[in-house]
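Breakdown of the fold
Single-letter residue listing:
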Amino acid sequence: MTPRANGIWVIILSFLVAYLLEIVPFPEWAMHYRPAWVAMVLIYWVMAIPYRVGIATAWFAGAFLDILEGSLLGMNALTFALLAYITLSLHQRLRMFSALQQSGMILALVGLSMMLSYWIKIGLEESSEGSLLFLLGALSSAFIWPWLFVMLRHLRRGFDVH
Amino acid sequence: MFADRRYDYLDRFRFTVAYLSTPIYWVADIPTRVSLWIDDVFVSQRDLIEENAQLRQELLFAQRELQLLAGLASENSRLRDLQAASQTVQGRAVTAEIINVSNDPGARRVLINRGAHNGVFEGQAVLDAHGLMGQVVEVLPFTSWVLLITDSRHGTPVQVNRNGERAIARGSRSDVAGLELEFVPDTADIVVGDLLVSSGLGQRFPKDYPVAEVTSVVHDPGQAFAVIRARPLAQMDRTRHVMLVIPDDEVISSVPVPDDFLGAGPGELPVTEEVSEPTVSTNSGNDIEAERDTVPDDNALLVRDADEQETDMPTAGQQSADTEAAVTDSVNTEGTETAVESAEADETVMPEEDGPGPGEDLP
């Protein structure tokens, strides 16, 4: 039914670059503006090739991010799986959206995932309650999305990833 | 998630997968290293000469202080011999570099480039050139996470260098990195500018390392305790080079003084992290009791850790205490009296010690 896999390495490479960007040190003042790179790359692939990248991939991508960040194992895995689920159910609509509408969706999705991990951290006393400034990261993610989208689409078509 | 929080078996998995994540950190660190390299290579001769002169001068000062220190150290050890007190934890140190900072705004953690393969262990104290920085909380193969003392979940047992007043310095909960002294009564003699050094009571950190400088003391009549803020001396967000302390084994084994805790009765572990709080008893009022209940919850993490680490030594002390109690079973009251006497005899070491601390409220 599904076509033979092609160019899986492009997906893996894009994730690796996203992980890199996720942990590159930021100056103190820009701390809150760090975009959710891995989440965005994940949303793109789920949207573009939902039969290849799904909830399971999202789970493992999140678990690896947990290990990378030293956060609670499974926290990002859970939020990413949720992201993948929502994107899966919306992907046909998302493809039709204009860049601005897509950015709005990214704002909502990334904001949701950030809120969720914040709640988990508060609930398990992994982190103290602070300001909600971290949601600025969702804003910067939405800002970056159009460029990321064009770039990843270019990659996908160029390497015929499916 | 819950499994990771409760049980240890996922740590092994984490540890294994961390072999994969290390290269990513290595790559992410490249820009910093390149910029440092550029700084090193493209530096004018004049700058080097200036720096050299400055370093020479600093060395001179340091050596002078070292000479003084030698005299003080010998005097100190003689005095300690007189008191038959235990030696402090000094230990050696190895250097490490900070290669990453946690991107979670709610937590203050850094990643260092030394891991299990370099002999790093959990709970190891981390210093920089200016003061205490934090402790290792997670050891990975080639890297480890360090929880800074400014994290709101971290409590550091400190004492005022001037008069030995003890307190717990906790990371501030606001966005600005800093420390807050918890549960210090209004009558405590702490003023702005006081140097706080580690008291070594948690047996995590070596004794007498500078930790912070008091920046503000507010006596609010509406609150039971003084609000004291301090600025950490370690350059948390600027330094790249840190030191890991390797404690001397024989020194650590001789640290606990079980005689002090005889009065606390059997079945109770000495909670050294909380020792600073007997000051509670000097304060009057019932509302403080309520405050007291909330204390262990907040510090539960660290206190629990400390307990786990210390269980070996104090239980040994307690066993001896128990046997003593068994011998003098017929004259039980006398036994406790002698215990109290011995505690009084040691008053010079721990002046404000009162037996059962708030440790009994621990969950």
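Check the entry above for the structure.
One structure accompanies this document, and this report is about it. The structure presented is a predicted model; accordingly, all values stated were derived computationally and were not measured.

Okay, the overall build of chain A next. The helix and strand inventory of chain A stands at 6 helices and 0 strands. The secondary structure elements of chain A, listed N-terminal to C-terminal, are α-α-α-α-α-α. The buried share among the 162 residues of chain A stands at 52%. Residue pairs at least 24 apart in sequence account for 68% of intrachain contacts in chain A once pairs closer than 6 positions are excluded. Summing over all exposed atoms, chain A offers an accessible surface of approximately 7,800 Å²; the carbon and sulfur share of this is 70%.

Across the contact, 33 residues belong to chain A and 29 residues belong to chain B. Carbon and sulfur atoms supply 59% of the area buried between chain A and chain B, which totals about 2,800 Å² over both sides. Linking chain A with chain B are 0 salt bridges. If you look at where chain A meets chain B, you find 2 residue pairs in polar contact (both at pLDDT 80 or more). Taken together, the elements giving at least two residues each to the side of chain A that touches chain B come down to α1 (8-23), α3 (55-69), α4 (75-96) and α5 (99-123) of chain A. Each residue belonging to the side of chain A that touches chain B can be placed in one class, and the counts come to 18 nonpolar, 7 polar and 8 charged.

Attention now goes to the nonpolar core. Of all hydrophobic cores here, the largest spans 56 residues; its most connected members are A:Phe15, A:Tyr19, A:Trp45, A:Phe80 and A:Trp145. Of all elements in the fold, only α1, α2 (37-48), α3, α4, α5 and α6 (136-158) of chain A together with α2 (9-28) of chain B reach the threshold of two or more residues within this core. In terms of residues, this core owes the most to one element, α2(A), which gives 12 residues. Once residues within four sequence positions are removed from consideration, A:Tyr19 is found in contact with A:Val38, A:Ala61, A:Phe64, A:Leu65, A:Leu68 and B:Ile24.

Here the focus is the sheet that holds strand β11 (residues 225-232) of chain B. Residue and element names in this part refer to chain B. Taken together, the 6 strands give a closed barrel; going around it, the order is β6-β7-β8-β11-β10-β9, and neighbouring strands pair in antiparallel fashion. Averaged over all neighbouring strand pairs, the angle between strand axes comes to 40°, with direction disregarded. In terms of strand pairing, strand β6 (residues 155-160) meets strand β7 (residues 166-171) through 5 bridges, oriented antiparallel. Residue pairing across strands places Gly155 opposite Arg170, the latter belonging to β7.

Okay, the environment of A:Ser140 next. Residue and element names in this part refer to chain A. Examined against the element boundaries, Ser140 turns out to sit in helix α6. Judged by its relative accessible area of 13%, Ser140 is buried. Sequence separation between Ser140 and Ala36 is 104 residues; the distance between their C-alpha atoms is 8.5 Å. There is a polar contact of 2.7 Å between the side chain of Ser140 and the backbone oxygen of Tyr33.

Procedures and definitions
- Residues numbered from 1 in each chain as written.
- Chains lettered and ligands numbered in written order.
- Predicted model: local features only at pLDDT ≥ 70, side-chain atom pairs only at ≥ 80, totals over all residues.
- Heavy atoms only, no water.
- Helix = DSSP H or I, 4+ residues; strand = E, 2+ residues; numbered from the N terminus.
- Buried < 20%, exposed > 50% of the residue type's maximum accessible area, 1.4 Å probe, protein only.
- Contact = heavy atoms within 4.5 Å.
- Areas by Shrake-Rupley, 256 points an atom, 1.4 Å probe, with all protein chains shown as cover.
- Buried area = accessible area lost by both parts, 1.4 Å probe.
- Salt bridge = Lys/Arg side-chain N within 4 Å of Asp/Glu carboxyl O.
- Polar contact = N/O pair within 3.5 Å; in protein donor to acceptor, adjacent residues only side chain to side chain.
- Nonpolar A, V, L, I, M, F, W, Y, C, P; charged D, E, K, R; others polar.
- Core = buried A, V, L, I, M, F, W, Y, C linked by side-chain atoms within 4.5 Å.
- Pairing = 2+ DSSP bridges.
- Axes fitted to C-alpha atoms, helices over the stretch in contact; angles between N-to-C directions.

Read these as layout, nothing more, since geometry by itself doesn't imply function.
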